Amino acid sequence: MPMEQKKSIKEKLITQSLRYIKSLFFKVADLNVGISIENDDEDHFVRVNVIDRGSEINGDCVFDHNCRISGVINGDVVCVNKVVIDSNGYVNGNIYCSRLIIDGTITKNIYCEGKTTLTKNAKVLGDIYSVKIEVPPEANFRGVISKENINDIEKHWNNRIKK
């Protein structure tokens, strides 16, 4: 097979794979589960950090886009946008974010500048400091809930950044 034809096949496979991956993200985004879609002039693209099921990270994680956690993180999570902890997600560390949806497990404190939402499957073993909090009766929660103003939460963020 000529080299040009091999390259062409490889490019087609890469393009098809990227389209397929994009289509999966768009389907998930349509369900409104924490993935943002941004519009570029030429094309749509998704910016989300995914820690997939079966993945384990030992150490602190810092994300500059939305984050979806289906795996395990043993360390703090710092995200300037939304964090979604799936039912299989497990975070053994503090979470600092702008928006949080929990369907999995968190074993330390939460510092959220926006709304924190626990689902009926959520398990939180730590304190929650958030401007808005939604906790259904079925959620498993052990800790203190503090509805703080944004300035108090920013102090927690600043203390974390200094570490």
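Everything that follows concerns the structure shown earlier in this document.
Just so it is clear, the structure is predicted and the values come from calculations on it, not from any experiment.

Peer 1: Mind showing me how you'd approach the packing of aromatic side chains here?
Peer 2: A ring pair, where both rings are aromatic, is described by two values, the distance of the centres and the angle of the planes. One pass over the structure, following the stated rule, counts 2 aromatic pairs. Between Tyr-96 and Tyr-111 the ring centres are 4.9 Å apart and the planes differ by 15°, which places this aromatic pair in the stacked class. With Tyr-96 in strand 10 (residues 95–97) and Tyr-111 in strand 13 (residues 110–118), the pair connects residues that are 15 residues apart, well separated along the chain. This pair shows no difference in class: Tyr-96 is buried, exactly as Tyr-111 is. Between Tyr-111 and Tyr-129, the ring centres sit 5.1 Å apart and the planes meet at 5°, which makes this aromatic pair stacked. Of this pair, Tyr-111 sits in strand 13 while Tyr-129 sits in strand 15 (residues 128–134), and the two are 18 residues apart along the sequence. The class for Tyr-111 is buried, based on a relative accessible area of 9%. Taking relative accessible area as the criterion, Tyr-129 reaches 17% and is therefore assigned buried.

Cut-offs and rules
- Residues numbered from 1 in each chain as written.
- Predicted model: local features only at pLDDT ≥ 70, side-chain atom pairs only at ≥ 80, totals over all residues.
- Heavy atoms only, no water.
- Phe/Tyr/Trp six-rings, centres within 6.5 Å; stacked < 30°, edge-to-face > 60°.
- Helix = DSSP H or I, 4+ residues; strand = E, 2+ residues; numbered from the N terminus.
- Buried < 20%, exposed > 50% of the residue type's maximum accessible area, 1.4 Å probe, protein only.

By themselves, these observations are geometric and do not establish any function.
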